[in-house]
Amino acid sequence: MDSALQVEKLSKSYKRRVRQPGLLGAAKSLFSSQTEELQAVKNISFSIKRGERVGLIGENGAGKSTTLKMLTGIIVPTGGTLEVLGRVPWQERRQLALNIGVVFGQRPQLLWDIPVRETFRLLKTMYRIPDDVYQVTYTEAVKRLSLEPLLATPVRQLSLGQRMRCDLAAALLHAPAVVFLDEPTIGLDLSVKEQVREYITDIQEKFGITLLITTHDLKDITETCDRLLLLDKGSLLFDGSIKAFEQKYASDRRIVAEVRKPVEAEERATLEKEIIKLGGTLKEAEGHKIVVEHREEGAAPALTQLLLSRLQVVDLNLEKTDIETIVTRIYRQPVGKD
Ligand SMILES: Nc1ncnc2c1ncn2[C@@H]1O[C@H](COP(=O)(O)OP(=O)(O)OP(=O)(O)O)[C@@H](O)[C@H]1O
Ligand SMILES: [Mg+2]
């Protein structure tokens, strides 16, 4: 079987009790049966092949966790179909549990009063993890996520970041075929975030895991994924490679030059014409700073040459819009759907 996840016109709407304003209203609405529907996920379709590494992003409330909850069988969709490893998650949750790994970063799952080491042993028994697999996943997790000093501590006493690391280790302990990570780096300090990303990448490669990860830290995506899904108010706005995403939305590249003396009006007019001929636009020519933007990748050398030959350039920088800037821009102003 080539496909790991198959999602077809998937929707989820939540029923909510209509709340009246004010304190009295709140009390009243407790007894009222008036409800309203909120469409958290709207008709989304995508499929993910085995071994793919996919990032799911979107603003707060975009429907990411709802999607992951449907994929892991925690909630039942209100429309459409979905299959994970050929099974319908909400119907075959138990069977699927042996083949998937799940982390909900906002709500760590390990909350037991027994030490970390015992927790892992218990999971080994529960999941019937073969010794040779456990040997690899357990040892790797302890080493790569620096869990050694935590092993004797009851899970309940761990800090959020420590518990996240244990949660991740626990989710991967049985080397599941598909792993769902919902904000696995939330609340972690920078060095631990890096550790977690490296661990995810390593284990993914070692076992050929299919990975679906949601996050607000785009570094998680660029470092662990090849493909991106962008949810916007419940709808799928983009599905494709990270490179295709950049090409689609990061159309502008900039050449920023610092010049010895400011460009005069007349000189500016001729320069602007030539820049346009080479496929660029003169965005700024104030004081000692010149900014040229262009859309095509290959236009930079000619434009740079033009600037160098016409002006006394003292410093020069080529800039490409990074994925973080693109995403922020998309969140701020809705773009057309296609
Ligand atoms: N149990 C629920 N009952 C009612 N509405 C819900 C429930 N869970 C989520 N929602 C609503 O569904 C929408 C999508 O929520 P979801 O948790 O999927 O967003 P998200 O993309 O994971 O956001 P975040 O980045 O904040 O985690 C939100 O408007 C939220 O208020
Ligand atoms: Mg969420």
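Residues numbered from 1 in each chain as written. Chains lettered and ligands numbered in written order. Predicted model: local features only at pLDDT ≥ 70, side-chain atom pairs only at ≥ 80, totals over all residues. Heavy atoms only, no water.

Between helix α10 (residues 265-277) and helix α11 (residues 300-310), the least distance of the axes is 11 Å, while the angle of their chain directions is 160°. Between α10 and α11, the crossing angle belongs to the class labelled roughly antiparallel. Our pair here, α10 against α11, has a crossing hand that is right-handed. Listed contacts from α11 to E267, L271, E274 and I275 of α10 are L303, L306, L307 and R310. (Axes fitted to C-alpha atoms, helices over the stretch in contact; angles between N-to-C directions. Helix = DSSP H or I, 4+ residues; strand = E, 2+ residues; numbered from the N terminus. Parallel < 35°, antiparallel > 145°, perpendicular 65-115°, else oblique. Left-handed = near helix turned anticlockwise from the far one by under 90°. Contact = heavy atoms within 4.5 Å.)

It is worth spelling out helix α6 (residues 160-172) at this point. Taking 1.5 Å per residue, 13 residues should reach 18 Å; α6 reaches 18 Å between its end C-alpha atoms and fits that length. What α6 keeps buried is the set G161, R163, M164, R165, C166, D167, L168, A169, A170, A171 and L172. In this structure, the buried residues of α6 make contact with β5 (100-104), α4 (116-126), α5 (131-144), β6 (178-182) and α7 (190-207). (Expected span 1.5 Å × (residues − 1). Buried < 20%, exposed > 50% of the residue type's maximum accessible area, 1.4 Å probe, protein only.)

Our next topic: the nonpolar core. Within the largest apolar cluster, 52 residues are counted, with the highest numbers of intra-cluster contacts made by F120, L145, L147, L168, L181 and F245. Here the element with the most residues in this core is α6; it accounts for seven residues. For L147, the contacting residues outside a window of four places in its chain are F120, A141, V142, R165, C166 and A169. V54, L68, L82 and L229 belong to the second largest nonpolar core, which has 27 residues in total. (Core = buried A, V, L, I, M, F, W, Y, C linked by side-chain atoms within 4.5 Å.)

Turning next to the site of ligand 1. In the vicinity of ligand 1 lie 15 residues, with G61, K64, S65, T66 and H216 positioned nearest. In this structure, an oxygen atom belonging to ligand 1 sits 2.8 Å away from a main-chain N or O atom of G61. With respect to ligand 1, the side chain of H216 contributes an N or O atom lying 2.7 Å from an oxygen atom. The protein chains hide 69% of the 640 Å² of surface that ligand 1 would expose on its own. Among the secondary structure elements, those contributing two or more residues to the shell around ligand 1 are β1 (3-17), β2 (35-49) and α2 (64-71). The leading source of residues in the shell around ligand 1 is α2, at three residues. Per-class residue counts for the shell around ligand 1 are four nonpolar, seven polar and four charged. (Near = heavy atom within 4 Å. Polar contact = N/O pair within 3.5 Å; in protein donor to acceptor, adjacent residues only side chain to side chain. Areas by Shrake-Rupley, 256 points an atom, 1.4 Å probe, with all protein chains shown as cover. Nonpolar A, V, L, I, M, F, W, Y, C, P; charged D, E, K, R; others polar.)

Here we take up the environment of P115. Along the chain, P115 turns up in the loop between β5 and α4. P115 gets classed as partly exposed once you look at its relative accessible area, which sits at 22%. Between the C-alpha atom of P115 and that of L158, which follows or precedes it by 43 residues, the distance is 9.8 Å. Ignoring any residue separated from it by four or fewer positions in sequence, one finds P115 in contact with L151, A152, T153 and P154.

The subject of this paragraph is the sheet that holds strand β4 (residues 79-84). For sheets, the rule is that strands pair by backbone hydrogen bonds, running either parallel or antiparallel. The sheet built from three strands is open, its strands ordered β2-β1-β4 with antiparallel pairing. The open sheet is flanked by β2 and β4, the only strands paired with a single partner. Strand-to-strand, the axes of this sheet are offset by a mean angle of 25°, without reference to chain direction. Where β1 lies against β2, 11 bridges are found, and the strand directions are antiparallel. (Pairing = 2+ DSSP bridges.)

Below, the discussion takes up the sheet that holds strand β13 (residues 313-320). Within the open sheet, the four strands sit side by side as β11-β12-β10-β13. Their pairing is antiparallel. Of all the strands in the sheet, the pair left with one neighbour each is β11 (280-286) and β13. Strand-to-strand twist across the sheet, computed as the mean angle between neighbouring axes with direction ignored, equals 15°. Alignment of strand β10 (residues 253-259) against β13, held across seven bridges, turns out to be antiparallel. Across the sheet, residue A257 finds its bridge partner in β13, namely L316. The sheet strands contacting α10 are β11 and β12 (289-294), and the helix crosses β11 at an angle near 155°.

As a further point, take the domain arrangement of the chain. Each domain of the chain was delimited in the assignment, giving domain 1 (48-247) and domain 2 (251-320). The gap between the C-alpha centroids of domain 1 and domain 2 is 46 Å. (Domains from an automatic or database assignment.)

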